[in-house]
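# Observations on the model geometry
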Amino acid sequence: MKNYIKKVIIVCLFLSGIVHGQSTEQPETKETVTVKSFSLKSTEGNLVSLNDYKGKFVVVHIATTWCPYCNAEAPYLEEIYNEYKDKNVEVLIIDVKEPSALVKERIKDRFNLSFPVLLDTNGKVAASFAPKDVLPELARDEIMLASNLLIDPQGKIQFMSLLDTKNFDVKLINLKNRLNEIL
């Protein structure tokens, strides 16, 4: 029950626009962040590692089944995957702290996704992406919900968008623009 109330509060904050994130492209003049590799199981039970995608661009979306923003973006992530897979781009969804069967039903199967949906059962991978100075009153893994990252073939983050309900980019236009700039 406590977990449910916490989720409802977070969704209400998202919907009210209180939770503000940032959409940022890493400028060439600024030092980019290198991502540490991770390995997570997919909804199919396969172990998937970021190292499996070395030499490729990887779009990572961090989600939960109960997040309306994550659900709104899912079809557009599939669109990005289909549009860019022949251009050395892969897509992954990382679901935070939910059971495999639920994630498979409510994300993977519901949106007929053809790319892996991974299970971050303890939230550590999602938390590892959270900027230190954003929303300290939330758990670090919760900050990243509905976030999108673009990791380049060298493992550096080239684009990150955190949820900003006022400027929500459901069709992932900014992410597509960044992909088109660097491909």
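The following paragraphs examine the structure supplied in this document. On a predicted model such as this, the values are computed, not experimentally measured, just so you know.

Note that side chains of opposite charge can pair when their charged atoms are close. Counted under the stated rule, the structure contains 7 salt bridges. A salt bridge links Lys-176 to Glu-79; its shortest N-O distance comes to 2.6 Å. With Lys-176 in helix α6 (residues 173-182) and Glu-79 in helix α2 (residues 68-84), this pair connects stretches of sequence that are 97 residues apart. When its relative accessible area of 35% is taken as the criterion, Glu-79 is described as partly exposed. A salt bridge links Glu-83 to Lys-176, with the nearest nitrogen and oxygen atoms 3.6 Å apart. In this pair, Glu-83 is assigned in helix α2 and Lys-176 in helix α6, connecting sequence segments 93 residues apart.

Attention now goes to the pairing of strand β6 (residues 117-120). Remark: a regular strand shows side chains that alternate across the two faces of the sheet. Burial along β6 is two-sided: the face carrying Val-117 and Leu-119 and the face carrying Leu-118 and Asp-120 are both buried. Relative to β6, strand β5 (residues 89-96) is paired through 4 bridges, and the arrangement is parallel. Paired with Ile-93 across the two strands is Val-117, which belongs to β6. Viewed along the sheet, the connection from β5 through helix α3 (residues 100-109) into β6 turns out right-handed.

Turning our eyes to something else, we now look at the environment of Leu-183. Relative to the helices and strands, Leu-183 is located in the segment after α6. Classification of Leu-183 by relative accessible area gives partly exposed; the value is 42%. Expressed as a C-alpha distance, the spacing of Leu-183 and Val-89, which sit 94 residues apart in the sequence, is 9.3 Å. Leu-183 has contacts with Phe-57, Tyr-84, Lys-87 and Val-89, leaving out every residue within four places of it along the chain.

Reading the values: the criteria
- Residues numbered from 1 in each chain as written.
- Predicted model: local features only at pLDDT ≥ 70, side-chain atom pairs only at ≥ 80, totals over all residues.
- Heavy atoms only, no water.
- Salt bridge = Lys/Arg side-chain N within 4 Å of Asp/Glu carboxyl O.
- Helix = DSSP H or I, 4+ residues; strand = E, 2+ residues; numbered from the N terminus.
- Buried < 20%, exposed > 50% of the residue type's maximum accessible area, 1.4 Å probe, protein only.
- Pairing = 2+ DSSP bridges.
- Right-handed = clockwise from strand over helix to strand, strands pointing away.
- Contact = heavy atoms within 4.5 Å.

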